[in-house]
Each structure stands twice: as C-alpha cells, then as structure tokens.
Amino acid sequence: MSKRDYYEVLGVSKDASVEDIKRAYRKLAMKYHPDRNPDDPSASENFKEAAEAFDVLKDENKRARYDRFGHSGLHSGGFNEPDFQNVSFEDIFSRFGDIFGGDIFGGDMFGGGRGRARSQRSVGRPGNDLKINITLTIDEIAFGTEKTLKVKKSIKCTQCNGSGAQSDADYMTCNTCSGMGEVRQVSRTMFGQFVNVQPCPTCYGEGRIIKNKCSKCAGEGRVKGEETVKVKIPSGVSNGNYITLRGQGNAGIRGGESGNLIVLLEEKEHPDFARDGNDIYHDLTISVADAILGTDVEVPTLKGKAKIKVESGTQPGKLLRMKGKGIIGLNSTVAGDQYVRVNVYIPTDLSSDDRKKVESLRLSKHFDPKSIETKEKSFFDKIKDVFHG
Ligand SMILES: [Zn+2]
Ligand SMILES: [Zn+2]
C-alpha cells in the first residue's frame, strides 16, 4: 500500500520548522477530529494519517531518516514506522499530550471534543452512593407499592452542564501528569524495579484542570439540590431489604458518573397484624360465651374485613387459619396465610346476677377441667413408665 508523503499530509514544505509542523498538525487534528466529524468516516483516517506524519516529522532523527530513505527508512536501522491504524484517539492524545498542553494551544483545542473522547475512559470523579430509609406498612408490603421520595443530593450544575468550567475552552492539560491522569514512580530495590502507578494528585486522575471555574458550582460541576425519585417496591419485601437505583445517587464531580441511591426498607409495626415470613397473625379476643357456644366474627385482613367462624368449644390460644390471606412472597405469586389467634376474655366486673350464673356453672361437671387433667396425667404417666420402667 503506497503511503502519502508526510510533508504532503501535513501540507508543509520540506524545510518546515518544528513549530510549522506543530501548527500544521494542530490545524489538521482540529479539522479531522472524529468528534467534529461524526458522519464522515474518512475524517478518522485523515486524523490518523496526520498523527502518523506528525509523529515522524516532529522527531529529528526519524525525520532525517525519512528525508533520506522515505517510508522504507523507518522500517530499518532500529526504527519502526509508526502505525496509528489500531491506535485509539485517546492514545494519540496521550502520546502527544505535551503538544496539546495549554502552552502551545491555549487550552482545550477541541472545544469540548477532548472531554467526549475522554468519556470513553472516565470523566471527572464518580459521585457517592446515597442511602435513604423508607418505612412500609404490612399492607404496602403485602401487595407491593410505589413510593415517591424527595431526595436531597448533589445534582449536575446546569450552568456548566457538569463540566465545572466557565466555558468549553476553559481547560488545560494537567502539567503534573501531562494529561495522562496518573503518575508513575519507579523505585529500585534489591528485588528489582517497581513501578508504582497512582492517580495524579493535581488533577485527581482527570488529566486536565480548569482555568476559569464555573461561578455557580465553583468548579465542582455539581450543586446541592433535591430530586423526586419514584421507587417501585415489590410485594413480600422484608425489614432490611434494599433496592439499588443505579445512577440516582450524588452527581459525580465534573461530569463523573453519578452514584447509586440505595433505598433501605423498614417495616412499620401494624396495629392489627404481626408478620412471620409471608404469614400474618392477628389476635382475636372473644367472650367466654362465644368460646363455648361458637360464633361468626369479623376480623381485619390485608384486604379489608372478613368473616371467620369460631367453632363451639374453641380453646384459648387456638390458631384459626385463613388460607391465602397473607403476603404475596417476593418473586412469587402465592400468598401466605393469615392466622387468627384466639384469646378468651375473662370478665372481671360482674353484676350479682352474673355471679349467680357463673356460680351455677361452677357446679356443672362440664365446667370442671379435672377430667381433661386426669386424661393428660395418665398420658404423661405412661411416658414416664416408658422411660423408667
Ligand atoms: Zn457549574
Ligand atoms: Zn494530572
């Protein structure tokens, strides 16, 4: 494949100075920058071609070889012809970081294009996650619900659109790291050479610094604010469950990714129900007469009042099961049950007439629990015999 002459590519004469070459390259880089030519695939080819030409001509040795032997001169004598075909734009910027610095180009030469190119890696610093607690009643948990929350958090600054800069051209390449965003420290020890790579302390890994900070956010790219967030809560959640809303946390610094919003779920105590997994319990107190004679009573359920039959002779503590009246499990379509725990109210305040009635009941052998006790006793005695006999 025949290659174009490098001087021709940059549009400079054979005796052009390094400054001329830089200037010519800068012009072409701006013209063919892919961010500026999103619909023109040949632009990226031209952009890479210019980068390659610049790579050779800016270097005294390479240029001399190229002048004498042409393209083939770069294949031998310890030289490699630069190959930018498989190199990302990001790498081109990194390699030529020094010439994109503010000293030569006076800031961000691509007017924001740099920022977009960087976004493939990461721009700014990510925002923190936020935690928020919400309290749910058992009724809400039973069928799922949607909550609207007002969340106080950092939001993107609208004046600078999150960049933190006064205007698009207000950046300069960080001098500490030459735009790389990281600094390398080489240390020699008796075990060999170690390279320690750390985020640049000057630009916090962003590779660039702002010259004039946005007046509204003082360069952070975010401000304090409030946002309304809707959370869908599925049925069957439990105390301590949480829902992560991606990107709904604090906005990042200078266009960095937003953190997450973590919604912690708490279960509020219910006046009528206690919960055990997907089952719920309701305490029902009935009169002595109802316990003896049986009755129909109304009890609260998660879907309103419902009738339940109390059989005659119901003992205190008995659990009455209402099938499917509990909570629909998380990731399930089947509901748990409701249990009604029967308590019997023993009156403490009797009229003389009541007292007479109860006294006559006391005489009835049907009211004497001894018969049950003797039955139970004989049962335990039998067990004792098994163990000791
Ligand atoms: Zn701002
Ligand atoms: Zn830096």
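So, here is what we can say about the structure in this document.

Here is what the cut-offs are and how they apply
Residues numbered from 1 in each chain as written. Chains lettered and ligands numbered in written order. Predicted model: local features only at pLDDT ≥ 70, side-chain atom pairs only at ≥ 80, totals over all residues. Helix = DSSP H or I, 4+ residues; strand = E, 2+ residues; numbered from the N terminus. Buried ≥ 20, exposed ≤ 12 C-beta atoms within 10 Å, placed from the backbone. Contact = placed C-beta atoms within 7 Å. Pairing = 2+ DSSP bridges. Axes fitted to C-alpha atoms, helices over the stretch in contact; angles between N-to-C directions.

Per the secondary structure count, the protein chain includes 11 helices and 15 strands. Of all 389 residues assigned to the protein chain, the portion counted as buried reaches 27%. Here the analysis covers contacts within the protein chain between residues at least 6 apart in sequence; of these, 66% occur between residues at least 24 apart.

Turning next to the pairing of strand β12 (residues 295-301). Bridge count between β12 and strand β13 (residues 304-310): seven bridges; the pairing is antiparallel. Residue pairing for β13: P300 is matched across the bridge by K305. Between β12 and β13, which pair antiparallel in sequence order, lie two residues.

Pairing between the strands of a sheet is mediated by backbone hydrogen bonds and can be parallel or antiparallel. Within the open sheet, the four strands sit side by side as β10-β11-β15-β14. Their pairing is mixed. Each end of this open sheet is capped by a strand with a single partner; those strands are β10 (274-276) and β14 (319-322). Put simply, the sheet's adjacent strands are angled 35° from each other on average, direction ignored. As defined by bridge partners, β10 adjoins strand β11 (residues 279-287) across three bridges and the pair is classed as antiparallel. Bridged to D276 within β11 is D279.

With mixed pairing, the three strands of this open sheet are ordered in space as β1-β9-β8. Of all the strands in the sheet, the pair left with one neighbour each is β1 (130-136) and β8 (242-245). Put simply, the sheet's adjacent strands are angled 25° from each other on average, direction ignored. Relative to strand β9 (residues 261-267), β1 runs parallel, the two being bridged by seven bridges. Pairing of I132 across the sheet is with V263, part of β9.

Quick look at unusual backbone geometry now. Positive phi, normally seen in glycine, also occurs at A218, with a value near 55°. For A218, the position within the fold is in the loop between β6 (208-210) and β7 (222-233). Phi at R254 is positive, roughly 45°, even though this residue is not glycine. The residue R254 is located in the loop between β8 and β9 in this model.

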